[in-house]
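Now for the letters of each chain:
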Amino acid sequence: MQNYADLLFSEPVKAFQEKAGMRDRYQQIYETRFRDDLDEKTVTFIEQSTSFYVASIGANDWPYVQHRGGPAGFVKVLGSDTIGFADYLGNRQFITQGNLETSKRVSLFFMDYPHRARLKMQGEATMISADADTELASTLSVEGQGPVERLTVIKILARDWNCPKYITPRFTEDEVRYLVSRELKPLVEENAYLKARIAKLEGSD
């Protein structure tokens, strides 16, 4: 796997970093950062994610960003540097699929809003019809999501986690339910205890 900075820090980018007095700092930070395969933390996060964003480049050089979502586990880690997911019936504009005919390069953003973190990855994507590989379709399909139309496999070339600055925490319904229940539990228990005490005192009159 390549270094994130090697792919993203082009000469113009480096020039702006130099002008801002940040070049030496970034060079030190990224010198040996994330050159190995996907680690356990990253794999777990990807497999628990319910959405991500994928950017591709069209034949006319215009970038396009698409959201992909589903239940936790809809993105599968297929290997030490490969992920995949199934595509279901959508608006049928085929923009990402068309863009991949020109360039396989994609940029991915996985957001962890509760913990205010983001996983950024660069890769090369391939999208095929589900009929072209029924075994892979079976691996990537998610129960209850409907018939699979396409399969996307992405070889991750570089990745980076970056800072929580400016990320507003957001929570899913399940996360809110868990947080609220955790706070309510001691109150419910205390309420039950006090009710029992009151009933006991009233019974002793």
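Cut-offs and rules
Residues numbered from 1 in each chain as written. Predicted model: local features only at pLDDT ≥ 70, side-chain atom pairs only at ≥ 80, totals over all residues. Heavy atoms only, no water. Helix = DSSP H or I, 4+ residues; strand = E, 2+ residues; numbered from the N terminus. Rg over C-alpha atoms; globule rule 2.2 N^0.38 Å. Contact = heavy atoms within 4.5 Å. Areas by Shrake-Rupley, 256 points an atom, 1.4 Å probe, with all protein chains shown as cover. Lys, Arg positive; Asp, Glu negative; His and termini not counted. Charge placed at Lys NZ, Arg CZ, Asp CG, Glu CD. pLDDT = per-residue confidence, 0-100. Salt bridge = Lys/Arg side-chain N within 4 Å of Asp/Glu carboxyl O. Buried < 20%, exposed > 50% of the residue type's maximum accessible area, 1.4 Å probe, protein only. Polar contact = N/O pair within 3.5 Å; in protein donor to acceptor, adjacent residues only side chain to side chain. Phe/Tyr/Trp six-rings, centres within 6.5 Å; stacked < 30°, edge-to-face > 60°.

Asks: Just checking my understanding: could you explain the overall build of the protein chain for this structure?
Replies: Looking only at helices and strands, one finds 7 helices and 7 strands in the protein chain. In sequence order, the secondary structure elements of the protein chain are arranged as α-α-α-α-β-β-β-β-α-β-β-α-β-α. By the compact-globule yardstick of 17 Å for 205 residues, the protein chain is too spread out, its C-alpha radius of gyration being 23 Å. Looking at the protein chain alone, contacts between residues at least 24 apart form 71% of all its contacts between residues at least 6 apart. As presented, the protein chain carries roughly 13400 Å² of accessible surface, and 53% of it is formed by carbon and sulfur atoms. Here the protein chain contributes 26 positive and 30 negative side-chain charges, whose respective centroids are spaced 6 Å apart.

Asks: Mind showing me how you'd approach the confidence of the model for the protein chain here?
Replies: Atom-level detail of predicted coordinates should not be read off regions where pLDDT is low. Per-residue confidence for the protein chain averages 90 on the pLDDT scale, and 99% of its residues sit at or above 70. Helix H7 (residues 173-203) is the least confidently modelled element of the protein chain, averaging 81 in pLDDT, while strand S3 (residues 75-79) averages 97, the highest of any element.

Asks: Which parts of the structure should I look at to understand the pattern of salt bridges?
Replies: Should their charged atoms come close, side chains of opposite charge can pair. Per the counting criterion, the structure on display carries 9 salt bridges. Asp-160 is the partner of Arg-33 in a salt bridge, and the nearest nitrogen-oxygen pair spans 3.1 Å. Separated by 127 residues along the polypeptide, Arg-33 in the loop between helix H3 (23-29) and helix H4 (40-48) and Asp-160 in strand S7 (residues 150-162) bring together distant segments of the chain. Classification of Asp-160 by relative accessible area gives buried; the value is 0%. With a closest N to O distance of 2.7 Å, Asp-87 and Arg-68 form a salt bridge. Of the two residues, Asp-87 is situated in strand S4 (residues 82-87) and Arg-68 in strand S2 (residues 63-69); the sequence distance between them amounts to 19 residues. We note that Asp-87, like Arg-68, is buried. Linked through salt bridges whose partners overlap, the residues forming this network are Arg-68, Asp-87, Arg-92, Glu-149 and Arg-150.

Asks: Before we go on, may I ask you to explain the side chain of Ser-49 in this structure?
Replies: Of note, Ser-49 is situated in the loop between H4 and strand S1 (51-57). Reaching out from Ser-49, the side chain makes a polar contact with the backbone oxygen of Phe-45 at a distance of 2.7 Å. Contacts of Ser-49, omitting those with residues within four sequence positions, involve Pro-71, Ala-72, Gly-73, Phe-74 and Phe-110.

Asks: Which parts of the structure should I look at to understand the packing of aromatic side chains?
Replies: How two aromatic rings sit relative to each other is given by the distance of their centres and the angle of their planes. Within this structure, the stated rule accounts for 9 aromatic pairs. Taking the centre distance of 6.3 Å and the plane angle of 25° together, the rings of Tyr-4 and Tyr-30 count as stacked. Highlighted residues: Tyr-4 in helix H1 (residues 4-8) and Tyr-30 in the loop between H3 and H4, separated in sequence by 26 residues. Of the two residues, Tyr-4 and Tyr-30, both sit in the buried class. Note on Phe-9 and Tyr-26: the rings are 5.9 Å apart at their centroids and 55° apart in plane angle, and the pair reads as tilted. Residue Phe-9 is found in the loop between H1 and helix H2 (11-19), and its partner Tyr-26 is found in helix H3; the two are separated by 17 residues along the sequence. Judged by its relative accessible area of 27%, Tyr-26 falls in the partly exposed class. These aromatic residues form a ring-pair network of at least three members: Phe-45, Phe-52, Phe-74, Phe-85, Phe-110 and Trp-161.

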